[in-house]
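For reference, the chains in residue letters:
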Amino acid sequence: MNQTLRGFIKKELIQSLRDKRMRIMLFVMPVIQLSVFGFAISTEITNVRLAAIFSSSDYVLRDVYERSIASKWFIPAKSSNQDPYYLISSGKADVVLVPPPGGFTHALGRDDASLQVLINSTNVIKGQTIEGYLRNIIKQTVADDLHINIVKNPIQIKQRVLFNPDLDTAAFLVPGTMCMIMLITTMVLCNLAIVREKEMGTFEMLISAPISSREIISGKTIPYVILGISNFPLVLAVAHFIFKVPIRGSILMLFITAFVFICMAVALGTLVSTFCKNQQQATLAGFLFLFPMIMLSGLMFPIENMPNLLKWAAYMDPLYHYIGLLRNIMLKGGGMSYIVVHTTILIIMAIITLVFSLYRFRVTL
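Residues numbered from 1 in each chain as written. Predicted model: local features only at pLDDT ≥ 70, side-chain atom pairs only at ≥ 80, totals over all residues. Heavy atoms only, no water.

Overview of the sheet that holds strand β2 (residues 74–76)
So, point 1. With mixed pairing, the 4 strands of this open sheet are ordered in space as β2-β1-β3-β4. Lying at the two open borders of the sheet, with one neighbouring strand each, are β2 and β4 (116–119). Adjacent strand axes in the sheet meet at a mean angle of 30°, parallel and antiparallel pairs treated alike.
So, point 2. As paired elements, strand β1 (residues 48–52) and β2 share 3 bridges and run parallel to each other. Within β2, the position partnered with L50 by the bridge is P76. (Pairing = 2+ DSSP bridges. Helix = DSSP H or I, 4+ residues; strand = E, 2+ residues; numbered from the N terminus. Axes fitted to C-alpha atoms, helices over the stretch in contact; angles between N-to-C directions.)

A short note on the nonpolar core
So, point 1. Counting residues in hydrophobic clusters, the biggest one holds 60 residues, and the most contacted among them are L34, V174, M178, L183, F232 and Y322.
So, point 2. Sorting the residues of this core by element identifies α2 (20–40), α7 (169–200), α9 (213–242), α10 (251–273), α11 (279–295), α13 (318–332) and α14 (336–360) as the ones contributing at least two each.
So, point 3. Top contributing element to this core by residue count: α7, with 17 residues.
So, point 4. The contact partners of L183, leaving out residues within four places of it in the chain, are V188, F261, A265, L290, M293 and L319.
So, point 5. Counting residues in hydrophobic clusters, the runner-up holds 20 residues, among them V48, L50, L108 and Y133. (Core = buried A, V, L, I, M, F, W, Y, C linked by side-chain atoms within 4.5 Å. Buried < 20%, exposed > 50% of the residue type's maximum accessible area, 1.4 Å probe, protein only. Contact = heavy atoms within 4.5 Å.)

Description of the environment of A282
So, point 1. With respect to the element layout, A282 can be found in helix α11.
So, point 2. Its relative accessible area of 1% is what places A282 among the buried residues.
So, point 3. As a C-alpha pair, A282 and A193 span 89 residues in sequence and 9.6 Å in three-dimensional space.

Re the side chain of T177
So, point 1. Along the chain, the position of T177 falls in helix α7.
So, point 2. Among the polar contacts made by the side chain of T177, one reaches the main-chain carbonyl oxygen of L173 at a distance of 2.8 Å. (Polar contact = N/O pair within 3.5 Å; in protein donor to acceptor, adjacent residues only side chain to side chain.)

So, unusual backbone geometry
Excluding glycine, residues mostly carry a negative phi; peptide bonds, for their part, are mostly trans.
So, point 1. Phi is positive for N47, which is not a glycine, with a value near 55°.
So, point 2. Structurally, the position occupied by N47 is in the loop between α2 and β1.
So, point 3. Positioned with a positive phi, K72 is a non-glycine residue whose angle comes to about 75°.
So, point 4. Position of K72 among the secondary structure elements: in the loop between α3 (59–70) and β2.

Put into structure tokens, the structure is as follows:
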């Protein structure tokens, strides 16, 4: 590295870190964002308002209702009106248990025993989850109270959950949130830093200086790679010590893959900046890239459920590959073949993006 480039990088680091707002965005906001997302985002359905219509003699349905409330998934629906349809349509309840004539307990003595469950399924995923909760509770309650099985199945299935035995939502979502935060704090900040030079007019000084376009690109990008990789231990510590996300794989591999992803993010931010003339355009362009990248990354929705055309778009998303790497290393311990394949893809993406950035970049106004 020549003396000119070292001076350029030093200038960029000093310029970035001397700004109090920039220091907050780099080192404080990621911790706050990860904490908020980690605590707020959860795929577990709780606080479901449950109502049940039963007489004093219908003890099985009463037990189903009490066990449901005790499970902490459900809370009592507050309404004096006992009309099941009204409870659902008015929003007073999310689910209502309606027994057959004579009560659920009496019906269990017949072959055609049934229990009507009315569920508000405007949110399909929530409705399916609630149905699964109630099926398990009803089956267990009937088995305990009457010592009979609603469904007799000769096949016994023994279930064992691997890598996340407690089914903790944070273990799944926090690694993905880490990737999203790292992308924002590197791509967007690098994009804004380059465009700010154009907007303030200091870009003319760079053009008139005896340095090549490659040195300008390197001097503007390397500092943000350094800042991004220095931010990674902080985000990793929050994930591990606050949200108890395990780190079963190699710490070294975590840092290597983080470095590759940060290089990719900075290269992408540099490419976006070549199309922007001011910071307003840079901010808008950054979010136009971020939103589809997050949606296609597998952070929230499984890629396997998408149409084939969108699957190919997801495979071109660097966030998809890095989320897979982070979850694989942290939760599964990291399979070397998986790490090599997806890290190589990120390296190729970074090189292509950087070459295209150099092509777009002109040391002219």
